[in-house]
Amino acid sequence: YLKDPDTGARHVGHYALSVIDDKSLAIAWCEQQEGWQIARGYREAKQQTPLAVVLGGDPLIGYAAGAPIPAGTDGLMVAGLLRSDGVDLVRGRTVELEVPADAEIVIEGYLDADEPAATSCAMATSFGHIRELGDLPVMRVTAVTRRARTAFARDAD
C-alpha cells in the first residue's frame, strides 16, 4: 500500500518481497509499475516513501491488487465493488496509510530517499523460477502488527 504524494490517491499492488534482515525487505518492482512511479515522486521530493505490506484478509483485496486496473484506480474500491460492501480500514501505527481492518499481518515501513538500493537479491517469480535481481529498493520496517484474534482462534475457545 502506498499513497501518491501529489494526489493522495491510494495504490494497492502485488510486489514480490525478499527478507534482507529482521528490519529490511527488498521490493521487486520496475519502472513500468505504478508503485515504482509513486515511490519516484517521493524520491524526487527527497521524502521517505511510507509503505504497508498486508498479508491475509479478504481474498478480493488480493485479487484487486493484482488485477489489470487503470493506474490511479483504488484497488480497495474495486474490491468493495466486487463484494458489494465497503472495505473497513484502520490507520497504520507508524505510517500515515490506511490498511484493511481484517488483515492478518501488516508490515509498516518506509523507503529512504537517500538510501542506496539492495545490490542484488534472489527472488522467486510467480512461475516458480528463482532469478537474481539487482538495485531493488529497501523497505525499512517500523512496525509489524497482527490481528489479535482470528476466526480460527475463536473456534478453538
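This text goes with the structure placed above it.
As a starting point, this report considers the structure included with it. (Residues numbered from 1 in each chain as written. Predicted model: local features only at pLDDT ≥ 70, side-chain atom pairs only at ≥ 80, totals over all residues. Heavy atoms only, no water.)

Bringing the environment of V19 into the picture now. Along the chain, the position of V19 falls in strand 3 (residues 16-21). Taking relative accessible area as the criterion, V19 reaches 65% and is therefore assigned exposed. Between the C-alpha atom of V19 and that of V138, which follows or precedes it by 119 residues, the distance is 9.7 Å. Those residues in contact with V19, other than ones at most four positions away along the chain, are S24 and L25. (Helix = DSSP H or I, 4+ residues; strand = E, 2+ residues; numbered from the N terminus. Buried < 20%, exposed > 50% of the residue type's maximum accessible area, 1.4 Å probe, protein only. Contact = heavy atoms within 4.5 Å.)

Once that is clear, we can look at the packing of aromatic side chains. Given two aromatic rings, one states the distance between the centres and the angle between the planes to describe the pair. Counted by the stated rule, this structure contains 1 aromatic pair. The lysine or arginine in question, R43, covers the ring of W36, its NZ or CZ lying 5.1 Å from the ring centre. (Phe/Tyr/Trp six-rings, centres within 6.5 Å; stacked < 30°, edge-to-face > 60°. Lys NZ or Arg CZ within 6 Å of the ring centre and 35° of its normal.)

Sheet architecture is open: 5 strands sit in the order 3-4-11-8-5, paired in antiparallel fashion. Single-partner strands in this sheet number two, and they are strand 3 and strand 5 (49-55). Along the sheet, successive strands turn relative to each other by an average axial angle of 35°, direction set aside. (Pairing = 2+ DSSP bridges. Axes fitted to C-alpha atoms, helices over the stretch in contact; angles between N-to-C directions.)

Attention shifts here to the pairing of strand 3. Note: strand 3 against strand 4 (residues 24-28), 5 bridges, orientation antiparallel. Bridge pairing links A16 to A28 in strand 4. Counted between consecutive antiparallel strands, the loop separating strand 3 from strand 4 contains 2 residues.

This brings us to a nonpolar patch on the surface. A surface patch of nonpolar side chains, about 240 Å² in accessible area, is lined by L55, I105 and V144. Along the chain, the position of V144 falls in strand 11 (residues 138-146). Residue classification places V144 among the exposed positions, given a relative accessible area of 57%. (Patch = residues over 30% accessible without salt bridge, like charges linked within 9 Å, V, L, I, M, F, W, Y side chains within 5 Å. Areas by Shrake-Rupley, 256 points an atom, 1.4 Å probe, with all protein chains shown as cover. Salt bridge = Lys/Arg side-chain N within 4 Å of Asp/Glu carboxyl O.)

Buried within helix 3 (residues 75-83) we find G75, L76, V78, A79 and G80. Against strand 2 (10-11), helix 2 (59-66), strand 6 (89-91) and strand 7 (98-100) lie the buried residues of helix 3. Between a side-chain oxygen at the N-terminus of helix 3 and the backbone nitrogen of L76 the separation is 2.8 Å; the capping residue is D74. Remark: S84 follows helix 3 within two positions and exhibits a positive phi of approximately 60°. (Polar contact = N/O pair within 3.5 Å; in protein donor to acceptor, adjacent residues only side chain to side chain.)

This brings us to the nonpolar core. Judged by nonpolar contacts, the single largest core of 15 residues is most densely connected at Y1, A52, I61 and L76. With sequence-adjacent residues up to four places away left out, Y1 is seen in contact with R10, H11, V12, P50, L51, A52, V54, I61, L76, L97, E98 and P100. Among the nonpolar cores identified, the runner-up in size contains 14 residues, and L25, W29, L51 and L111 belong to it. (Core = buried A, V, L, I, M, F, W, Y, C linked by side-chain atoms within 4.5 Å.)

The final tally for this structure, using the stated rule, is 6 salt bridges. For E98, the salt bridge is made with R10, and the minimal N-O distance between the two is 3.4 Å. Here E98, found in strand 7, pairs with R10, found in strand 2; they are 88 residues apart in sequence, far enough to count as distant. Using a relative accessible area of 41% as the deciding quantity, one classes E98 as partly exposed. A salt bridge links R147 to E104, with the shortest nitrogen-to-oxygen separation between them at 3.1 Å. Linking R147 in the loop between strand 11 and helix 4 (151-156) with E104 in the loop between strand 7 and strand 8 (105-111), this pair joins segments that are 43 residues apart in sequence. Overall, R147 belongs to the partly exposed group, its relative accessible area being 22%. One continuous salt-bridge network, built from bridges that share partners, spans R10, D74 and E98.

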